[in-house]
Amino acid sequence: MMTRTLRATAAALVVLAFTATGARAEDPAPTDTSPVIQWRTELLAAAKESLADNKPLVVVYVCPLGRQACVSCKRLRGALFSPELQALADDAVFLMVEFDITEKKSPEQDATLLATRFEVVRTPTILVFGTADQKLEHRARLNGYFAAKPLAGHLEKYLNQK
């Protein structure tokens, strides 16, 4: 008896959801062809892809999610998934690194070495590298939180440098 009631309630909710949104079962699902950033998780693979595609590499260091996550990193994560930043998806290779600033390490050793080399001493930090002569060259560093629109403007400027 309880199962029938649950099924009936679920069916009513589905009908209500379609009715409330104006969608009908025969309507095709909306297709969004907007670019979406494909976040990489391995530095060496991202660097190789950047060089192979001749696209800049954007490395974003944020603190790990959890109880200790800082407000700036949480807010920056939100900005990174905004439409303004997603519009840059085809312009670069993007890598997000969870970096424990107190221990100066990341789960990935190569990302830790890069952080040491470029003196990442706080999160969030964004490093931008361009490609020249089959090598990555450091172009820019952004420290701290940026709202989506200013961040997109900064990145666009650095991504389009030649």
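Of all six residues in strand 2 (residues 93–98), five are buried, a share of seventy percent or more. Relative to strand 2, strand 1 (residues 57–62) runs parallel, the two sharing six bridges. Paired with Y61 across the two strands is V97, which belongs to strand 2.

Moving on, we get to helix 3 (residues 71–80). What helix 3 keeps buried is the set C73, L76, R77, A79 and L80. Within helix 3, the buried residues cover an arc of 160° as seen down the axis, which keeps them to one side. Next to the buried residues of helix 3 lie strand 1, helix 4 (83–86), strand 2, strand 3 (125–132) and helix 6 (148–159).

Its place among the elements puts R139 in strand 4 (residues 135–143). Among buried charged residues, R139 stands out as having no salt bridge; its nearest opposite-charge side chain is E137, 4.3 Å away. A polar atom in the side chain of R139 sits 2.7 Å from the backbone oxygen of Y158. A polar atom in the side chain of R139 sits 3.4 Å from the backbone oxygen of L159. Among all residues touching R139, those that are not within four sequence positions of it are P56, V128, F129, G130, T131, Y158, L159 and Q161.

Cut-off values and rules
- Residue indices begin from 1 for each chain and proceed along its sequence in written order.
- A pLDDT threshold of at least 70 governs which residues receive local features in this predicted model, and a stricter bar of 80 or more applies before side-chain atom pairs are shown or counted, although totals over entire chains, interfaces and linings include all residues.
- For side-chain calculations, the full set of non-hydrogen atoms in the structure is used, while hydrogens and water are omitted.
- Buried residues are those whose accessible area, probed at 1.4 Å on protein chains only, stays under 20% of the maximum for their type, while exposed residues exceed 50% and partly exposed ones sit between those limits.
- Labels follow the DSSP assignment, with helices taken as runs of H or I lasting at least four residues and strands as runs of E lasting at least two, numbered in each case from the N terminus.
- Each pair of strands is called paired provided DSSP finds at least two bridges between the two strands.
- What the arc covers is the set of directions going from the helix axis to the C-beta atoms.
- Whether two residues touch is decided by their heavy atoms; if any such pair falls within 4.5 Å, the residues are in contact.
- In summary, the charge assignment counts Lys and Arg as positive and Asp and Glu as negative, without counting His or the chain termini.
- Whenever Lys or Arg places a side-chain nitrogen within 4 Å of a carboxyl oxygen from Asp or Glu, that contact is recorded as a salt bridge.
- Here a polar contact is taken to be a pair of N or O atoms separated by no more than 3.5 Å, where protein atoms must pair a possible hydrogen donor with a possible acceptor and residues adjacent in sequence count only if both atoms sit in side chains.

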